[in-house]
Amino acid sequence: MRPATLLLCLALAPACVKGNPIELDGDLLTEGGTLRIDGCGYDLTTRYGAEAPRPGTAVFGPDPTPRHVHLGIMGDPKTSVVAQWRTKDDKTLASEIRYAKGASLPAADLVEEKAGIVFAYRSTGAEEIRVHQAHLCGLEPGTSYSYQVGGTDLDGAKSYSPVYTFRTAPDTVAHPDSEVVFGFVGDSRGGYDVWQLLIDELSDRQPDLILFSGDAVTIGLTQYEWEEFFDRAEPLFARVPLVSAHGNHEVNAVNYFSQIALPGDQENFGVDYGFAHITVGNDTPDDISKLAGEFKDKIAADMAKSNSARWKLFMHHQPMFSASTRHGPSQTLQDAWLPLVDQYKIDLVLNGHDHDYEISRPMINKQVQATNDNATVFVVAGGAGAELYDNGSDYWTLYSEKTYNAAVIRVRRDQMTMEAFRHDGTQIPQGFSKSKP
Amino acid sequence: MTRLAVALLVLVARIASADPEADADAAFKRAGQLAVSGDPATVNTAIAAYEQLGSARPITRWTDDAWAEAARLAEFSRDYARARRALEQVLEIGTDDRLVARARAALARIEEEGGPAFDAVRAEHERLASEIYGTDDDPTAALTALGALVEQNPTYPRANAARLALALGWEAEGDRGEAMRWFRAAAEAGRRERGQHARLEYVRALTRAADLAEAETELAALDPTLVDSAGARQAAEKLETAYQRRRLRIGLGIALLVIGIGALALARRDLGSWRALGAKLIRPPIEVWFLLPLALLLSLVALPGNPLIARAVRWIGVAGVVIAWLSGTTLEAARAKAPVSARRALTHGLVVVGCVAAAVYLVVAYVGLLDLLEETWRGGPAMD
């Protein structure tokens, strides 16, 4: 990208992605494209700025060592997972996953193999980033699998990652005592030493799924921060799938959509995991009018479809209710999305954007309720490393604290709890708990 | 006799038909309803209910879940011995590998944090940390108590986390000496990554405190093998930005001062004496009468919003009135001597615009809004 274009992007970031001011040199075709994923029942679509996805071929670049191994979800998390990685050279095209049922198996026992998919995208100029994905479907619910990713070239040379273990989501019909644990965190941008500490703290709590509320990096188009983000998180993200909401600092960049495998259009979608349904929304669209239009319709459709879910969570980046003195509450989002939260009786709304911790009292239609029956609690936990903002207090605030933080949300059939903690491991005294008859 | 026999038969039939799974399910649900109350006494009852369900036999699918919940609540209630006992039960029953893995991790965490020997220290650390981070009350007493706790227990595995909390806490209280003492102590101790984090926090704190020379020294002294590439790079960038902003602030401050003195000297020349200038300055020029109510109104409108912006509006209003006062007085003095030429009026206008821009920058920097403006420029505006 030329300097003038980059400046334009910084000033008018959302326009950079779909408005096509990105100029590309060389022979990389970056119009995006779609590939049907056999056996999974869904398509993989890449964005403008990235190549069309295609099967890997047995070609190694100068250093085919896998890195940034991380998991995502595009299908049913009970039976599928997406492993995603890059290689050190960004040139290697050989792409494959080896796996087997069982935790922490030796590499020799990974007897199942599946070919991977590759596509490259252009970032901040001529930099070419190549992404590998392997889609595993038809897995057994509530089951641990060991896997490693990498490839084999035409000469038979192999280059694979260490072996990692992941676990599929439980089948709650067969196992009504299932507990799932979500790590909830956001706003790591620019603070990767704290991000590292929180990753360690989250790992200690053994989550099943990571819910990231956006703003992983300062500017989504610049790759070097993504390197830091994934470098630090690999020990956790290679074991636990990541579900992310798009933050304003991701600026709808191709880097974000290429590196994080998510269901549907990657912006507004839903995931069923254990007894919970998580609706995710992009509250920084390239066209702001979509908030109350197309995006609202998609979110409403997902909430309607999942209305019978036992527990309902809604994650997006910018809080409807925040007493922080930095950004504060978003009236725009209250107007656009709050009616849906009330209509579908969402239990917990998860946000970031303000770099502090805040939990609201139970609310219906902006009114504080005496109990959290049928009411919604709003959580801001945007303290994963970005410079902290002053917290505050408003009529809805139950508790707030200016601190680096993350949380774990434990979901069982009849109760859901959230415990927040600081980057030094100490507990934040006010969490969330709710039971249902 | 017949009645007794019937009652016994009914009782036997009930016992025979009891469904331990269903009973355990119901008991788990009841305990869960107690657990979410938030009231410490009720939570304690919930822990006991979970422990009772965990101890009941036969083992059901809810047995290990009950112990896991008892452990979770006990740890949150800072009763680490009770949490440890419950976690050991989960490991012993071991029917759910996911629960077992979590129990093992929780036990490791509790042991890593010092084991039984440090249970009381950890509970006190948690309590004091919440007082320091989480209340609006004066945290000085909690900070002093936590400092004493750390000094009495130097081998406490989480002492470094406590040192950082102390540093940040004292910094927030404006006690720079204590803050820097604890930042230094944290930077020189601790586990690899936490020590590194502490050193970077120290550099950031020095930058915030405008002790840029020492920040530079500390940054240069970071162990290259421990340097967090992104963190160190960002700390260096912040430091460079702080230097640039300081130079700009000093430059603009001197420029405003020189222009102010120059304006007064000019007005004195036009009016003929300092006494005449003093008499002129006492009566606010028309520009001030126009701007003052406007500045007051804007300050009042900004008051309920973001406090940083409210403060900025207030100080920009003050700066605007001062500039308008000087500008008006200078112009009136010039007009008193001779008609003001278009060239001079234009020059005067440009200087005033420059002064206003400089004053706005200084105010925005003073109230700490520069970073917000930069973030808005780089990341796009928030929607509100």
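Quantities reported herein were computed from a predicted structural model and do not represent experimental measurements. (Residues numbered from 1 in each chain as written. Chains lettered and ligands numbered in written order. Predicted model: local features only at pLDDT ≥ 70, side-chain atom pairs only at ≥ 80, totals over all residues. Heavy atoms only, no water.)

Participant: Explain the overall build of chain B to me, and be specific about the residues and the numbers.
Facilitator: A count of helical and extended segments in chain B gives 18 helices and zero strands. Expressed as a percentage of its 384 residues, the buried residues of chain B come to 42%. Nonlocal contacts in chain B, meaning residues at least 24 apart in sequence, comprise 59% of its contacts between residues at least 6 apart. When the accessible area of chain B is evaluated, it comes to approximately 20200 Å², of which 64% is carbon and sulfur surface. (Helix = DSSP H or I, 4+ residues; strand = E, 2+ residues; numbered from the N terminus. Buried < 20%, exposed > 50% of the residue type's maximum accessible area, 1.4 Å probe, protein only. Contact = heavy atoms within 4.5 Å. Areas by Shrake-Rupley, 256 points an atom, 1.4 Å probe, with all protein chains shown as cover.)

Participant: Provide a residue-level description of the sheet that holds strand β19 (residues 348–351) of chain A, including the pertinent values.
Facilitator: All names here are of chain A. Spatially, seven strands are ordered β16-β17-β18-β19-β23-β20-β24 in an open sheet, and the strand pairing comes out mixed. With partners counted over all chains shown, the strands left at the sheet margins are β16 (269–273) and β24 (397–401), one partner each. The average undirected angle you get between the axes of adjacent strands in this sheet is 15°. In the sheet, strand β17 (residues 276–280) pairs with strand β18 (residues 311–315) via five bridges, with the strands oriented parallel. By the bridge assignment for β18, A276 is matched with W311. Relative to β17, helix α6 (residues 294–305) is tilted by about 175°, and along the sheet it contacts β16, β17 and β18. (Pairing = 2+ DSSP bridges. Axes fitted to C-alpha atoms, helices over the stretch in contact; angles between N-to-C directions.)

Participant: So, unusual backbone geometry: which residues are in play, and what are the values?
Facilitator: With an omega of 10°, the peptide bond between R57 of chain B and P58 of chain B qualifies as cis. Tracing the chain through its elements places P58 of chain B in the loop between α3 (40–55) and α4 (63–76). With phi around 50°, N365 of chain A is a residue other than glycine that occupies positive phi space. If you trace the backbone, N365 of chain A turns up in the loop between β21 (363–364) and β22 (367–368).

Participant: I'd like a description of the domain arrangement of chain A, backed by residues and values.
Facilitator: It is common to report an interface's size as the accessible area lost on association of the parts. Residue and element names in this part refer to chain A. Taken domain by domain, chain A consists of domain 1 (26–167) and domain 2 (180–435). In this complex, domain 1 contributes 32 residues to the contact, which on the side of domain 2 involves 31 residues. In total, about 2400 Å² of surface goes out of reach between domain 1 and domain 2, with carbon and sulfur atoms giving 53% of it. By the criterion of area lost to domain 2, the three top residues of domain 1 are R47, H68 and I73, representing 28% of everything that side buries. As a salt-bridge pair, R47 and E267 come within 3.2 Å of each other at their nearest N and O atoms. For the pair domain 1 and domain 2, the number of links is 16 residue pairs in polar contact (both at pLDDT 80 or more). Of all the secondary-structure elements, those providing two or more residues to the side of domain 1 that touches domain 2 are β4 (66–72), β5 (81–87), β8 (117–123), β9 (127–136) and β12 (164–167). Of the residues forming the side of domain 1 that touches domain 2, the biggest block, six residues, is contributed by β4. Tallied by class, the residues present in the side of domain 1 that touches domain 2 amount to 16 nonpolar, 10 polar and six charged. (Domains from an automatic or database assignment. Buried area = accessible area lost by both parts, 1.4 Å probe. Salt bridge = Lys/Arg side-chain N within 4 Å of Asp/Glu carboxyl O. Polar contact = N/O pair within 3.5 Å; in protein donor to acceptor, adjacent residues only side chain to side chain. Nonpolar A, V, L, I, M, F, W, Y, C, P; charged D, E, K, R; others polar.)

Participant: Give me the packing of helix α16 (residues 307–337) of chain B against helix α17 (residues 342–367) of chain B: which residues, what numbers.
Facilitator: Residues and elements named next belong to chain B. The N-to-C vectors of α16 and α17 enclose an angle of 155°; their axes lie 9 Å apart at closest approach. One finds that α16 runs roughly antiparallel with respect to α17. The element α16 and its partner α17 pack so that their crossing is right-handed. Between α16 and α17, the residues in contact are L308, R311, A312, W315, I316, A319, I323, S327, T330, L331 and A334 and R344, H348, V352, C355, V356, A359, V360, V363, Y366 and V367, respectively. (Parallel < 35°, antiparallel > 145°, perpendicular 65-115°, else oblique. Left-handed = near helix turned anticlockwise from the far one by under 90°.)

Participant: An account of the domain arrangement of chain B is requested, with residue identities and associated values reported.
Facilitator: Residues and elements named next belong to chain B. Along its sequence, chain B is carved into domain 1 (16–112), domain 2 (119–227) and domain 3 (246–379). Across the contact, seven residues belong to domain 1 and eight residues belong to domain 2. Counting each side, the surface lost to burial between domain 1 and domain 2 is near 650 Å², with a carbon and sulfur contribution of 40%. For domain 1, the biggest contributors to the area lost against domain 2 are R78, Y80 and E112; these three give 79% of the whole. Viewed at the interface, domain 2 and domain 1 are joined by two salt bridges. When the shortest N-O distance is used, the salt bridge between R84 and D119 registers 3.0 Å. Remark: the boundary between domain 1 and domain 2 carries three residue pairs in polar contact (both at pLDDT 80 or more). Counting only elements with at least two residues in the side of domain 1 that touches domain 2, the list comes to α5 (80–93) and α6 (97–112). Element by element, the count of residues in the side of domain 1 that touches domain 2 is highest for α5, at three residues. Of the residues belonging to the side of domain 1 that touches domain 2, the class tally is three nonpolar, no polar and four charged.

Participant: Can you lay out the sheet that holds strand β26 (residues 415–422) of chain A for me, pointing to particular residues and giving the numbers?
Facilitator: All names here are of chain A. Pairing is mixed across the open sheet formed by six strands, whose spatial order is β15-β14-β13-β25-β26-β27. Each having just a single partner strand, β15 (242–244) and β27 (432–435) make up the two edges of the open sheet. Geometrically, the sheet is characterised by an average inter-axis angle of 20° between neighbouring strands, direction not taken into account. As defined by bridge partners, strand β25 (residues 405–411) adjoins β26 across seven bridges and the pair is classed as antiparallel. When the bridges of β26 are listed, A407 appears paired with A420.

Participant: Give a description of the interface of chain A and chain B that names residues and reports values.
Facilitator: On the chain B side, the residues contacting the 72 residues of chain A number 55 residues. Between chain A and chain B lies a buried interface of about 5600 Å² when both sides are counted; carbon and sulfur atoms form 44% of it. When residues of chain A are sorted by the area they lose upon contact with chain B, D193, R326 and Q427 of chain A head the list and together hold 12% of the total. Taken together, the links from chain A to chain B amount to 11 salt bridges. Of the charged contacts in the structure, one is a salt bridge between D25 of chain B and R413 of chain A, with a shortest N-O distance of 2.4 Å. Inspection of the chain A/chain B interface yields 20 residue pairs in polar contact (both at pLDDT 80 or more). Breaking the side of chain A that touches chain B down by element, the ones donating at least two residues are α1 (3–11), α3 (192–204), α4 (223–237), α7 (331–343), β24, β26 and β27 of chain A.

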